[in-house]
Amino acid sequence: MSGSDALLTFNGINGATGRYDIEPMTAAEFSEVALGTTRKRADEKAHVEELKRRRQRDTEAHFAVKEGVDPKNLAETGWGVIFAFGADEAIYEALSRC
């Protein structure tokens, strides 16, 4: 092969398979990868989405109680409820059953 059809081979061998970690590719394929214009396979898309979900989970605030704390026991959670003055009694009753 010559010119743009020549395969570029990258460093790194997969110890489990004995094959290249990154399969040899043409310069055109490499430029697509470098520019981020390659079409992702379905399994790659799923992997990227999973990584995005994990990052979001790990970096965004949440308001859940800690593990081992009963969310229905306000003495354990530290949560409370503030009612507006003159709130309907039905609201108190409904929340007391939670």
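Now for a description of the structure that goes with this document. As the structure is a prediction and not an experimental result, all values here were calculated from the model.

Conventions adopted
- Residues numbered from 1 in each chain as written.
- Predicted model: local features only at pLDDT ≥ 70, side-chain atom pairs only at ≥ 80, totals over all residues.
- Heavy atoms only, no water.
- Phe/Tyr/Trp six-rings, centres within 6.5 Å; stacked < 30°, edge-to-face > 60°.
- Buried < 20%, exposed > 50% of the residue type's maximum accessible area, 1.4 Å probe, protein only.
- Helix = DSSP H or I, 4+ residues; strand = E, 2+ residues; numbered from the N terminus.
- Salt bridge = Lys/Arg side-chain N within 4 Å of Asp/Glu carboxyl O.

### Thoughts on the packing of aromatic side chains
And step 1. For the coordinates displayed, the defined rule picks out 2 aromatic pairs.
And step 2. Seen from their ring centres, F83 and Y92 are 4.3 Å apart, and the 40 degrees between their planes marks the pair as tilted.
And step 3. We classify F83 as partly exposed; its relative accessible area is 29%.
And step 4. A relative accessible area of 32% means that Y92 is categorised as partly exposed.

### Things to note about the environment of V48
And step 1. In this fold, V48 is placed in helix α2 (residues 42-59).
And step 2. With a relative accessible area of 28%, V48 lands in the partly exposed category.
And step 3. Considering only alpha carbons, one finds V48 and S96, 48 residues apart in sequence, at a separation of 43 Å.

### Quick look at the pattern of salt bridges
And step 1. Scanning the model with the defined rule gives 5 salt bridges in all.
And step 2. Two residues, K52 and E49, come together in a salt bridge whose shortest N-O distance is 3.7 Å. Here E49 and K52 lie together in helix α2, a separation of 3 residues that amounts to about one turn.
And step 3. The exposure class of E49 is partly exposed, given its relative accessible area of 37%.
And step 4. One salt bridge connects E50 with R54, and the closest N-O pair in it is separated by 2.9 Å. Pair noted here: E50 and R54 are both in helix α2, with a separation of 4 residues, about one helical turn.
And step 5. Connected via shared salt-bridge partners are E50, R53 and R54.

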